[in-house]
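# Geometric and topological summary
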Amino acid sequence: MDINVDNHPCFNPKMCHKVGRMHLPVAPRCNVMCNFCNRKYDCVNESRPGVTSSILSPQQALTYVEKVFDRSNNITVVGIAGPGDPFANPDETMETLRLVRAQYPEVILCLSTNGLGIAPHIAELARLKVTHVTVTITAVDPEIAAKVYAWVRWEKKVYRGLDAGALMIRKQLEAVRLIKEAGMIAKINTILMPGINDGHISEVARTVAGLGADVMNIIPMIPVEGAAFASLPEPDRASVTRSRLLA
């Protein structure tokens, strides 16, 4: 059965109020520590993007999808976006995608990642007809990236500083290139952080455009208590608009 990629509400504004999406929290671990993040489970006092109330196993995730689809006929997208990174949890991520695809051949499958660990799995993602992949890229200059990542864990080694920044950029740009070569839609999320990368957005945009990225979304950083960047101000609307125009 064909997959109608136009039915993704994140990529088609005309569908935003007509169809829905659901995210499956099957990936608890993360392979980087971003200075804008304080990743934890939510509670009655907090519910924000990037946190979840519980973690599901792949089989539990499929059961959850079945229950949601039984109640609603307008869900067109099933995605994996954490609460960690899908490819710091590749076994759980890939098994979940296999289970959902086997039962729902027409559903749009998508995921969001920092790009560090996705490359070995891109061929299978394409075979599973994952249509959309979002990669969060905050910088393409190692000195700027070094300010964003407190540490990066890759192949059982922890990187910090410029080494961490350079590694992330290399793996992220490779990921975008491979995603496009595999025929998938590549979206870039860039977190706008005042004083960190706010003068660098246009360079990120030029770089990912050169790799064939389909769309770029600039997201204002939300200061989070306990994060290294908790004291940074949230970008105002004018700053976000200016960055989007420059991109």
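Structural data are supplied above this passage.
From a predicted model like this one, the values you see are computed outputs, not experimental measurements.

The next subject is the pattern of salt bridges. One pass over the structure, following the stated rule, counts seven salt bridges. A salt bridge links R98 to E124; the shortest N-O distance between them is 2.6 Å. With R98 in helix α2 (residues 90-103) and E124 in helix α3 (residues 122-127), this residue pair connects regions lying 26 residues apart in the sequence. Three or more residues are tied together by salt bridges with common partners; here these are E95, R98 and E124.

The side chains of a regular strand alternate, residue by residue, between the two faces of the sheet. Two elements, strand β8 (residues 185-192) and strand β9 (residues 215-220), share six bridges in a ladder whose sense is parallel. Paired with I188 across the two strands is M216, which belongs to β9. What joins β8 to β9 is helix α6 (residues 201-210), and the crossover it makes is right-handed.

Time to look at the pairing of strand β1 (residues 20-23). Side chains of β1 alternate between two faces, with G20 and M22 buried and R21 and H23 left unburied. Note that β1 and strand β3 (residues 75-80) share four bridges and pair parallel. In the sheet register, M22 faces β3, and the bridge partner there is V78.

Moving on, we get to the sheet that holds β3. Taken together, six strands build an open sheet; the order of strands is β1-β3-β4-β5-β8-β9 and the sheet is parallel. At either end of the open sheet lies a strand with only one pairing partner, and these are β1 and β9. Sheet twist, expressed as the mean angle between neighbouring strand axes with direction ignored, is 25 degrees.

Within the open sheet, the three strands sit side by side as β2-β6-β7. Their pairing is antiparallel. Looking at which strands have only one partner, the edges of the open sheet turn out to be β2 (32-34) and β7 (157-159). Averaged over all pairs of adjacent strands, the angle between their axes in this sheet comes to 20 degrees, without regard to strand direction. Pairing of β2 with strand β6 (residues 149-154) involves three bridges; the strand directions are antiparallel. Each bridged residue has a counterpart across the sheet, and for V32 the counterpart in β6 is V152. Of the strands in this sheet, β2, β6 and β7 are in contact with helix α5 (residues 161-181), which crosses β6 at around 60 degrees.

Turning to the packing of aromatic side chains, a few remarks are in order. On inspection of all chains with the given rule, the structure shows one aromatic pair. Ring centres of F69 and Y104 lie 4.7 Å apart, and the angle between their planes is 55 degrees; on these two criteria the pair is classed as tilted. Placement of F69 in helix α1 (residues 58-71) and of Y104 in the loop between α2 and β4 (108-113) is noted, with a sequence separation of 35 residues between them. For F69, a relative accessible area of 17% corresponds to the buried category. Accessibility expressed as a relative area gives 11% for Y104, which makes it buried.

Close contact between α1 and α2 brings their axes to 9 Å; oriented N to C, the two are set at 35 degrees. Here α1 and α2 pass one another in a crossing that is right-handed. For the pair formed by α1 and α2, the contact residues are P58, Q59, A61, L62, V65 and E66 on the first element and E92, E95, T96, L99, V100 and Q103 on the second. Its residues placed into classes, the contact of α1 with α2 shows six nonpolar, three polar and three charged.

It is worth spelling out the state of the cysteines at this point. Overall, the coordinates contain zero disulfides when judged by the stated rule. As a non-bridged cysteine, C30 has C34 as the owner of its nearest cysteine sulfur, 6.3 Å distant. Of the cysteine sulfurs around C34, a residue in no disulfide, the closest is that of C37, at 6.1 Å.

Within the largest apolar cluster, 39 residues are counted, with the highest numbers of intra-cluster contacts made by L24, F69, V78, L97, V100, I118 and L125. Of all the elements, α1 adds the most residues to this core, at five residues. Not counting residues up to four positions away in its chain, the partners in contact with L125 are F87, M94, L97, L111, I118, V130 and M184. Residues V32, C34, L167 and I196 belong to the second largest nonpolar core, which totals 23 residues.

Quick notes on the rules
- Residues numbered from 1 in each chain as written.
- Predicted model: local features only at pLDDT ≥ 70, side-chain atom pairs only at ≥ 80, totals over all residues.
- Heavy atoms only, no water.
- Salt bridge = Lys/Arg side-chain N within 4 Å of Asp/Glu carboxyl O.
- Helix = DSSP H or I, 4+ residues; strand = E, 2+ residues; numbered from the N terminus.
- Pairing = 2+ DSSP bridges.
- Right-handed = clockwise from strand over helix to strand, strands pointing away.
- Buried < 20%, exposed > 50% of the residue type's maximum accessible area, 1.4 Å probe, protein only.
- Axes fitted to C-alpha atoms, helices over the stretch in contact; angles between N-to-C directions.
- Contact = heavy atoms within 4.5 Å.
- Phe/Tyr/Trp six-rings, centres within 6.5 Å; stacked < 30°, edge-to-face > 60°.
- Left-handed = near helix turned anticlockwise from the far one by under 90°.
- Nonpolar A, V, L, I, M, F, W, Y, C, P; charged D, E, K, R; others polar.
- Disulfide = S-S within 2.5 Å.
- Core = buried A, V, L, I, M, F, W, Y, C linked by side-chain atoms within 4.5 Å.

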